[in-house]
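Notes for the structure review
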Amino acid sequence: MKLEAPMNMIAIPPLVVLLLLLNSGMAQSTPFPVRVGVVVDMDNYVGQMGLNCITMALSDFYTKHGHYQTRLVLTKRDSEKDVVGAAAAEYDILFLAITLYAALDLLKNVQVQAIIGPLSSMQAPFMIHLGNKSKVPIITFSASSPSLLSIQSPYFVRAALGDSSQVKAIAAIVKAYGWREAVPIYVDNEFGHGIMPFLADSLEKVNVRIPYRSVIPSFATDDQIVAELYKLMRNQTRVFIVHMRTTLGSRLFSKAKLLGMMSEDYVWIITDGMTNELTSMDRSVIEEDMQGVIGVKPHIPKSEELDKFTFKYKKEIQLQNPTNHDMNLNIFGLWAYDSAVALAMAVEKARIRNATFLKKGSDSTAPTDLEGFGVSSIGTELIQMLSNITFRGLAGEFKLVEGQLESPPYRIINVIGAGARVVGYWTKGNGIVRELNFAKSTNETYSTSKSNIGFIMWPGDRKNPPKGWVTPTNGKKLRIGVPVKLRFFEFMRITWNSDNSTKVEGYCKEVFDMVIEALPYGVEYEYVPFATSDHKRAGSYDEFVYAVYQGEFDAAVGDVTIIANRSQYVDFTLPYTESGVSMVVPIKNDKSKKAWVFLKPLTWKLWLTSFCSFVFMGFLIWILEHRINEEFRGPLWHQVGTIFWFSFSTMVFANRERVVSNLSRFLLIIWFLVVLILTQSYTASLASMLTVQELKPTITDVNELIRNKETVGYHNGTFVFELLKGLNFDKSRLLAYDSPEEMHELFRKGSAKGGISAAFDEIPYVNLFIAKYCSKYIMVGPTYKTDGFGFAFPIGSPLVPDISRAILNVTEGKKMMEIENRWFKNDTTCADSSEFSSSNSLGIESFWGLFMIVGIAGVIALIIYVTSFLYENWHVVNRGSDAETTTLASKSLELLQRFNSKDITSHTFKKYERRVNHNGCGCDCARIVMEPSNEYFHPSPSTFSHNSPGNNGPPSRMSSSPEAQAGCFTIRHEGEESNAIEQDQDQQSASTVAQETH
């Protein structure tokens with residue numbers, strides 16, 4: 001019993017404790033409600049879809065996070081209640097009043113801690129001001145106007161994309177296809193006006209002009225839409241950017257289809273204001289009225305969660321209303337879902353408990369009393385938490401940057417059939433791309449190439465991109481002024497017809513026409529002569545340009561030079577002709593022939609090289625022929641003469657000496673080729689110098705004209721007159737001319753007889769004058785820089801940059817050359833007038849290859865000969881150690897002596913021996929013929945003595961034979977005795993001949 005009592009006493013307290021813990025857990029598990037208002041238009045599809053998605057989002061979120069201590073409690077208000085049926089003029093006012101009523105009711109009576117809404121950008125400013133006053137976050141998932149951020153309220157959050165995030169994508173598409181003008185068509189409300197500053201800036205950055213803005217009222221009638229479309233048809237631009245909601249946009253495209261504006265000449269680009277709701281539009285409008293339209297829409301990445309929610313959403317809507325077949329979910333529903341999830345996460349992170357308003361309202365029960373609501377106690381903390389929330393939502397990455405969603409990539413779509421097909425993408429880092437690749441580096445070059453866009457079916461089933469403009473039906477034509485020319489009609493010619501109409505021709509006119517055709521849009525214009533009533537020139541070129549400044553002309557086209565003082569009144573395009581002012585003078589023809597003209601065909605270097613080559617070749621042939629050829633032997637000066645005679649006689653191929661060495665013959669073959677080329681080149685150059693006249697100017701220095709007070713001419717009506725005065729020419733010494741013929745006549749008279757000694761004019765005129773009188777005049781002196789001919793437009797004209805770019809394209813093509821040939825073609829063949837005609841002397845640089853070949857061949861032949869000679873006389877080089885005969889000097893001297901002697905073993909001398917023997921000549925005859933003169937050579941006793949000191953052994957048979965001692969020798973016929981006897985006799989004969997020769 002003692003044990004039972006304590007155990008009973010111990011068992012009771014745990015039960016009590018367990019009950020207390022269970023009661024406490026149930027108390028703590030009860031979530032704290034946080035009231036949130038939802039202001040949407042319940043009669044609008046986006047409003048219904050947004051409310052359904054918000055409700056489903058909170059259900060899914062708290063099902064997944066049941067342990068959270070907070071719960072969002074929704075209070076709904078319809079922002080368009082009792083407005084249906086109001087007049088169009090009253091609709092906006094009632095619409096805003098009801099929105100304000102709903103927001104005030106939520107803030108004062110319900111005391112919500114956040115408001116999701118409103119739908120439209122027109123309602124948002126009022127709610128943003130109320131949220132800022134009460135410190136209650138205002139979260140919108142559909143109000144996209146960029147102007148809302150300018151209110152700069154820290155309590156406004158756009159859980160959607162602003163309209164400004166898509167303008168760069170649109171500008172990239174326009175630039176990709178080269179369209180230079182685009183007309184925006186937008187609704188006349190906050191939603192439409194908000195995007196325009198951003199769109200205009202983006203188009204301007206890619207050099208796209210907005211010539212007109214089409215604004216359509218929110219509740220425009222069909223007649224108003226048709227009237228606005230007619231205005232667009234009368235303009236030339238055919239690229240339209242449509243920014244409005246689908247309710248108005250579908251009516252716009254239906255009327256455009258009826259007016260024929262969905263044909264192949266038109267380009268329609270829609271913003272995400274319509275592309276985001278394409279799935280909810282009337283299918284017949286898409287299939288019949290919007291085919292070929294292109295647009296941009298935010299890219300929504302595919303995910304399993306998105307697929308599950310889409311299926312769940314359709315199923316839920318089907319249960320709510322079985323007759324509702326409009327169940328398509330678009331991006332606004334996904335943004336509504338993500339915004340509800342983000343707000344729930346922020347409320348939980350802020351640990352909100354019993355949130356209240358710090359300042360209570362007045363006793364008035366009026367729900368719209370502006371002083372009847374206080375300030376939220378948790379608003380500041382809640383907005384901070386909400387700004388830092390990041391997660392992957394159904395629409396993609398949820399991340400707020402400066403109060404709105406971060407911009408994702410955009411899809412480029414093409415409306416085909418009942419839907420839209422993706423043809424490309426646009427990203428901030430890479431521009432237009434064919435496919436998205438988030439793994440690839442973003443450091444690639446920004447692209448606006450249309451090759452990255454897939455196939456697009458344009459309006460009218462056109463496969464090629466439209467050019468974006470057409471000739472307007474009744475547009476204003478530009479008045480293009482053209483000057484009246486008295487002469488130089490090649491540049492501009494005006495012909496008046498009997499009905500006072502004009503025909504304009506000329507080089508400048510054709511260039512301007514071709515430039516206008518190269519523009520990416522059409523320009524209607526007409527030529528208006530700058531002339532008086534009697535068809536005379538109305539003034540100078542300065543006055544012609546000033547007429548553009550005064551508005552008489554929209555542009556000036558002609559031979560108008562770009563100079564600084566004219567640019568103060570007009571804007572010039574880039575020049576389309578060469579620039580500069582140059583001097584023209586008569587040609588002084590010097591026909592006298594100088595005595596030394598025959599030396600001019602070759603430069604002194606080539607003369608010297610040729611002379612050295614001739615001497616080198618003669619000396620080389622002498623070396624190769626000296627030992628084996630009698631014609632290259634003899635007294636010293638005779639051999640020197642032979643060297644020079646033989647070498648220079650090859651110049652005219654008059655050499656009579658016969659060469660017998662194969663090496664010599666090899667060299668002469670190459671040398672004859674070189675001589676042939678040299679002589680033919682010399683002859684051609686000399687003939688050119690003797691027949692072509694040298695053209696020299698009479699005057700080359702401008703200062704000489706001023707110093708001698710010569711009279712000079714200038715083109716009448718041009719700026720050259722002021723230029724000459726600036727060069728210190730006396731005004732009385734300046735004569736004007738109007739035509740090339742008059743200029744020629746003034747030159748013919750000369751300065752002394754009332755004419756001119758020189759003329760100054762712009763290079764295009766100078767080239768035209770010289771082409772006509774090419775043999776009499778020449779362009780000389782310095783060129784005074786100008787910018788050439790250009791087209792003049794009023795200051796600030798948007799056409800100037802486009803026409804300048806077109807000029808660059810035109811001047812680089814073949815058509816420009818065709819125009820120049822058509823107007824300035826010269827039928828006379830003339831020498832180049834920019835430099836004097838002369839025949840340049842031939843230099844060594846033209847023949848160094850030939851001389852190199854000769855040099856290499858000569859060196860090779862010399863090496864072969866020296867090698868062969870040393871090989872034959874190797875016993876001399878390799879002689880014993882006797883002091884007197886083994887020194888280098890003695891060996892060299894002996895080798896020279898052997899080189900100077902005849903090579904009796906040569907076949908040439910063997911033939912000679914046979915010829916002597918057959919003629920019956922005896923010893924005396926042989927001695928007379930073969931014994932050399934001792935005037936130029938004295939034999940060394942050490943070489944040919946009977947017993948020289950360096951000769952070990954018995955005397956040779958040559959020195960001991962009776963014939964040799966008697967000064968005579970015997971020549972035998974080949975074949976008379978055996979080979980052994982013949983070889984012995986040949987050795988004796990060779991030794992005897994060598995002794996007799998020396």
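Worth saying up front: this structure is predicted, and the values here are computed from it rather than measured.

**Concerning the overall build of the chain**
A tally of helices and strands in the chain yields 33 helices and 29 strands. Counting over 998 residues, the chain shows a buried share of 46%. In the chain, the proportion of contacts linking residues at least 24 apart, taken out of those at least 6 apart, comes to 72%. Total accessible area on the chain stands at roughly 50700 Å², and carbon and sulfur atoms take up 55% of it.

**Side note on the pattern of salt bridges**
Under the counting rule described, the total for this entry stands at 19 salt bridges. Here Arg805 ties to Asp802 by a salt bridge, and the two come within 3.0 Å at their closest N and O atoms. One end of the pair, Arg805, and the other, Asp802, are both in helix α23 (residues 799–811), 3 residues apart, so they sit about a helical turn from each other. Through salt bridges with shared partners, a single network forms among Arg180, Asp802 and Arg805.

**A word on the packing of aromatic side chains**
Remark: the centre distance and the inter-plane angle together describe each pair of aromatic rings, the angle taken between the planes. Taken as a whole and assessed by the stated rule, the structure comprises 40 aromatic pairs. Centre to centre, the rings of Tyr546 and Tyr569 are 5.2 Å apart; their planes meet at 80 degrees, and the pair counts as edge-to-face. You can see Tyr546 sitting in helix α15 (residues 541–549) and its partner Tyr569 sitting in the loop between β21 (555–556) and β22 (570–572), a full 23 residues away along the chain. The exposure class of Tyr546 is partly exposed, given its relative accessible area of 32%. Three or more aromatic residues link up through ring pairs in this structure, and these residues are Phe491, Tyr507, Phe512, Tyr525, Tyr527, Tyr576, Tyr765, Phe789 and Phe791. If you follow Lys467 out to its NZ or CZ, it ends over the ring of Trp469, 4.0 Å from the centre.

**Some details on the sheet that holds strand β10 (residues 294–298)**
Spatial ordering of the open sheet is given by β7-β6-β8-β9-β10-β14-β15-β16, a layout of 8 strands whose pairing is mixed. Pairing within the sheet leaves two strands with one partner each, and these edge strands are β7 (214–216) and β16 (431–433). In this sheet, neighbouring strand axes are inclined to one another by 25 degrees on average, regardless of whether the strands run parallel or antiparallel. Across 3 bridges, strand β15 (residues 419–427) lies against β16 in antiparallel orientation. Within β16, the position partnered with Tyr425 by the bridge is Val433. Each of β6 (183–187), β7 and β8 (239–243) is contacted by helix α6 (residues 190–205), which is oriented at about 160 degrees to β6, the strand it contacts most.

**A word on the environment of Gly37**
Here Gly37 lies in strand β1 (residues 32–40). A residue is classified by how much of its surface remains accessible, and Gly37, at 0% relative accessible area, is buried. Residues Gly37 and Lys76, 39 residues apart in the sequence, show an inter-C-alpha distance of 5.9 Å. When near neighbours in sequence (up to four residues on either side) are disregarded, Gly37 contacts Thr75, Leu106, Val112, Ala114, Ile115 and Ile116.

**Observations concerning the environment of Leu727**
Topologically, Leu727 is positioned in the loop between α20 (720–726) and β26 (734–737). The class for Leu727 is partly exposed, based on a relative accessible area of 22%. Measuring from C-alpha to C-alpha, the distance between Leu727 and Ile706 comes to 8.9 Å, with 21 residues separating the pair along the chain. In this structure Leu727 touches Ile706 and Tyr784, once residues within four positions along its chain are discounted.

**What about helix α21 (residues 740–749)?**
Residues of α21 that are buried include every one of Pro740, Met743, His744, Leu746 and Phe747, and no others. Taken around the axis of α21, the buried residues stretch over an arc of 160 degrees, which confines them to a single face. Positive phi appears at Gly750, one or two residues downstream of α21, with a value of about 85 degrees.

**Some words on the nonpolar core**
Counting 93 residues, the largest nonpolar core has Leu72, Phe141, Ile269, Phe309, Tyr313, Trp335 and Leu343 as the members making the most contacts within it. Take this core: its biggest share by element is 14 residues, from helix α12 (residues 331–349). With near-sequence residues (within four places) excluded, Leu72 lies in contact with Val34, Val36, Leu58, Tyr62, Ala340, Leu343, Ala344 and Val347. Within the second largest apolar cluster, 51 residues are counted, among which are Phe512, Val515, Phe544 and Tyr576.

**Description of the packing of helix α2 (residues 45–64) against helix α11 (residues 304–320)**
Packing of α2 against α11 leaves a shortest axis separation of 11 Å and a crossing angle of 115 degrees. Comparing the axis directions of α2 and α11 gives the class roughly perpendicular. In this structure, α2 crosses over α11, and the sense of that crossing is right-handed. Contacts between α2 and α11 involve Tyr45, Met49, Asn52, Cys53, Met56 and Asp60 on the former and, on the latter, Phe309, Lys312, Tyr313, Glu316, Ile317 and Gln320. Class assignment of the residues belonging to the contact of α2 with α11 gives a composition of 7 nonpolar, 2 polar and 3 charged.

**Points about a nonpolar patch on the surface**
A cluster of nonpolar side chains, contributed by Trp848, Met852, Ile856, Ile860 and Ile864, occupies part of the molecular surface with about 510 Å² of accessible area. Its place among the elements puts Ile856 in helix α25 (residues 848–872).

**Looking at the pairing of strand β14 (residues 410–416)**
Side-chain positions along a regular strand alternate between the two faces of the sheet. Counting buried residues in β14 gives 6 out of 7 residues, a clear majority hidden from the surface. Pairing of β10 with β14, which is carried by 5 bridges, proceeds in the antiparallel orientation. Looking at β14, one finds that Gly295 is bridged to Ile413. Pairing of β14 with β15, which is carried by 7 bridges, proceeds in the antiparallel orientation. Each bridged residue has a counterpart across the sheet, and for Arg411 the counterpart in β15 is Tyr425.

**A few points about the side chain of Arg238**
Looking at the element boundaries, Arg238 is found in the loop between α7 (222–234) and β8. Reaching out from Arg238, the side chain makes a polar contact with the backbone oxygen of Leu232 at a distance of 3.3 Å. Excluding residues that lie within four positions of it along the chain, Arg238 makes contacts with Leu232, Met233, Asp265, Tyr266, Val267, Gly468, Trp469 and Val470.

**Points about the UniProt feature "transmembrane region" (unreviewed entry) in the chain**
The feature "transmembrane region" (unreviewed entry), as given by UniProt, occupies residues 602–624, 636–654, 666–690 and 847–871 in the numbering adopted here. What you have in residues 602–624 is 91% helix and 0% strand, and the ends, taken at the C-alpha atoms, are 31 Å apart. Regarding residues 847–871, the helix share stands at 96% and the strand share at 0%, and the terminal C-alpha atoms are separated by 37 Å.

**Things to note about α25**
Taking 1.5 Å per residue as the helical rise, α25 with its 25 residues ought to reach 36 Å, and the 36 Å between its terminal C-alpha atoms agrees with that figure. Taken residue by residue, α25 has Leu850, Phe851, Val854, Ala857, Gly858, Ala861, Tyr865 and Phe869 as its buried positions.

**Some remarks on the side chain of Glu625**
If you trace the backbone, Glu625 turns up in helix α16 (residues 604–625). Notably, Glu625 is buried but unbridged: the nearest opposite-charge side chain belongs to Arg665, and the N-O separation is 6.5 Å. Reaching out from Glu625, the side chain makes a polar contact with the side chain of Ser664 at a distance of 2.8 Å. Apart from residues no more than four positions distant in its own chain, Glu625 is found in contact with Phe632, Arg658, Val659, Val660, Ser661 and Ser664.

**Description of unusual backbone geometry**
Cis peptide bonds are those with omega within 30 degrees of zero, and the linkage from Gly117 to Pro118 qualifies with 0 degrees. Structurally, Pro118 is set in the loop between β3 (114–116) and α4 (124–134). Positive phi, close to 75 degrees, is recorded for Asn728, a residue that is not glycine. Position of Asn728 relative to the elements: it lies in the loop between α20 and β26. Using a relative accessible area of 62% as the deciding quantity, one classes Asn728 as exposed.

**Describing the packing of helix α14 (residues 507–517) against α23**
Between α14 and α23, the shortest axis-to-axis distance is 9 Å and the interhelical angle comes to 110 degrees. Classified by the angle between their axes, α14 and α23 sit roughly perpendicular to one another. Across from Met514, Val515 and Ile516 in α14, the residues of α23 making contact are Ile803, Ala806, Ile807 and Val810. The residue makeup of the contact of α14 with α23, split by class, is 7 nonpolar, no polar and no charged.

**Concerning the confidence of the model for the chain**
Averaged over all residues, the pLDDT of the chain equals 78, while 79% of them reach at least 70. Within the model, pLDDT remains below 50 along residues 831–839, and this stretch shows 16 contacts once partners closer than five positions in the same chain are excluded. The model gives residues 920–998 a pLDDT under 50, and that stretch makes 74 contacts with residues more than four places away or in other chains.

Conventions and cut-offs
Residue indices follow the written sequence of each chain, beginning from 1 at its first position. In view of the model being predicted, local features appear only for residues whose pLDDT reaches at least 70, and side-chain atom pairs are presented and counted only at 80 or more, with totals across whole chains, interfaces and linings using the full set of residues. The basis for the side-chain values is all heavy atoms of the structure; hydrogens and waters are excluded. Working definition: helices are DSSP H or I runs of at least four residues, strands are E runs of at least two. Numbering for both runs from the N terminus. For every residue, the accessible area (1.4 Å probe, protein chains only) is compared with the maximum for its type, and the residue is labelled buried under 20%, exposed over 50%, or partly exposed between those bounds. Working rule for contacts: check all heavy atoms of both residues, and any pair within 4.5 Å makes them a contact. Computed by Shrake-Rupley with a 1.4 Å probe, the accessible areas treat only the displayed protein chains as cover when residues are assessed. What counts as a salt bridge is simple: a side-chain nitrogen of Lys or Arg found within 4 Å of a carboxyl oxygen of Asp or Glu. Ring pairs are drawn from Phe, Tyr and Trp, using the six-membered ring of Trp, whenever the two centres fall within 6.5 Å, and their geometry is named by plane angle: stacked under 30 degrees, edge-to-face over 60, tilted for the rest. Geometrically, a lysine NZ or arginine CZ counts as sitting over a ring once it is within 6 Å of the ring centre and also within 35 degrees of the ring normal. Should DSSP find at least two bridges between two strands, the strands are taken to pair. Only the stretch in contact is used when fitting a helix axis, every axis being a line fitted to C-alpha atoms; angles between N-to-C directions are given from 0 to 180 degrees. This arc describes the spread of directions from the helix axis toward the C-beta atoms. Here, the term nonpolar core denotes a set of buried Ala, Val, Leu, Ile, Met, Phe, Trp, Tyr and Cys residues that are joined through side-chain atoms within 4.5 Å. Should an angle lie under 35 degrees it is considered roughly parallel, over 145 roughly antiparallel, and from 65 to 115 roughly perpendicular; all remaining angles are considered oblique. Each helix crossing is assigned a hand: it is left-handed if the near helix lies turned anticlockwise from the far helix by less than a right angle, otherwise right-handed if that turn is clockwise. Basically, the charged four are Asp, Glu, Lys and Arg, the nonpolar ten are Ala, Val, Leu, Ile, Met, Phe, Trp, Tyr, Cys and Pro, and anything else, Gly included, counts as polar. In this scheme, patches are assembled from residues that exceed 30% relative accessible area and form no salt bridge. Like charges are connected within 9 Å, while nonpolar side chains (Val, Leu, Ile, Met, Phe, Trp, Tyr) are connected within 5 Å. Two N or O atoms count as a polar contact when they lie within 3.5 Å, although within protein this holds only if one can serve as hydrogen donor and the other as acceptor, and sequence-adjacent residues are included solely when both atoms are side-chain atoms. UniProt positions are given in the numbering used here, feature names are shortened, and annotations may be inferred rather than shown by experiment. Residue count minus one, scaled by 1.5 Å, sets the expected span of a helix. Within this scheme the basic residues Lys and Arg register as positive and the acidic residues Asp and Glu register as negative, but His and the chain ends are omitted. Scored from 0 to 100, pLDDT reflects the predictor's confidence in each residue.

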